[in-house]
Amino acid sequence: MSGGEHGLAAFAALWEVPASPPRWVIWHPDADTMVFDRELNLPVHVDDASLDEVLRRMREAGVPESEEYPGRACG
């Protein structure tokens, strides 16, 4: 997938104004930053070329960020 504007369209739902509680959050485990889907309880794959722009748009929309694990216990 391209990192251009067309490729970013695939991630558009990630930067919609978050519901309460939000489905997607920005998670900072260790020195990493990733998008986490709380409904599916796993990280969202965002290609490296698009990640910075996806995170920028998510922050602009007010998506919460946390260093704590944002999902529910597995198993």
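Once a new chain begins, its residue numbering starts again from 1 and follows that chain's sequence as written. It should be noted that, the model being predicted, local features are given only for residues of pLDDT at least 70 and side-chain atom pairs only at 80 or more, the latter also being counted only at that level, while totals for whole chains, interfaces and linings use all residues. Only hydrogens and water are set aside; all other atoms, that is, all heavy atoms of the structure, feed into the side-chain values.

A.B. asks: What is the right way to look at helix H2 (residues 48-61) in this model?
C.D. replies: Owing to its 3.6 residues per turn, the α-helix aligns residues three or four sequence positions apart on the same side. Numbering goes from the N terminus for both helices and strands, where a helix is a DSSP run of H or I of at least four residues and a strand is a run of E of at least two. By definition here, a helix of n residues has an expected span of 1.5 Å times n minus one. For H2, built from 14 residues, the straight-helix expectation of 20 Å at 1.5 Å per residue is met to within 8% by its first-to-last C-alpha distance of 20 Å. Note on classification: 1.4 Å probe, protein chains only; a residue is buried when its accessible area is under 20% of the maximum for its type, exposed when over 50%, partly exposed between these limits. Buried residues of H2: Ser50, Leu51, Val54, Leu55, Arg57 and Met58, and no others. Note on H2: the residue one or two positions beyond its end, Gly62, has a positive phi of about 90°.

A.B. asks: Please clarify how the environment of Leu8 should be interpreted in this entry.
C.D. replies: Relative to the assigned elements, Leu8 resides in helix H1 (residues 5-8). Look at Leu8 and you get buried, because its relative accessible area is 4%. In sequence terms Leu8 and Val46 are 38 residues apart; their C-alpha atoms lie 9.5 Å from each other.

A.B. asks: How should the nonpolar core be read in this particular structure?
C.D. replies: Soluble globular proteins: nonpolar side chains tend toward being buried together. The set of buried Ala, Val, Leu, Ile, Met, Phe, Trp, Tyr and Cys residues whose side-chain atoms join them within 4.5 Å is what this entry labels a nonpolar core. Within the largest apolar cluster, 13 residues are counted, with the highest numbers of intra-cluster contacts made by Phe11, Leu14, Trp15, Val35, Val46, Val54 and Met58. Among the secondary structure elements, those contributing two or more residues to this core are strand S1 (24-27) and H2. The biggest single contributor to this core is H2, with four residues. Sequence-distant contacts of Val46, defined by excluding residues within four places in its chain, comprise Phe11, Leu14, Val35, Leu51 and Val54. The contact rule is simple, with two residues in contact once any of their heavy atoms fall within 4.5 Å.

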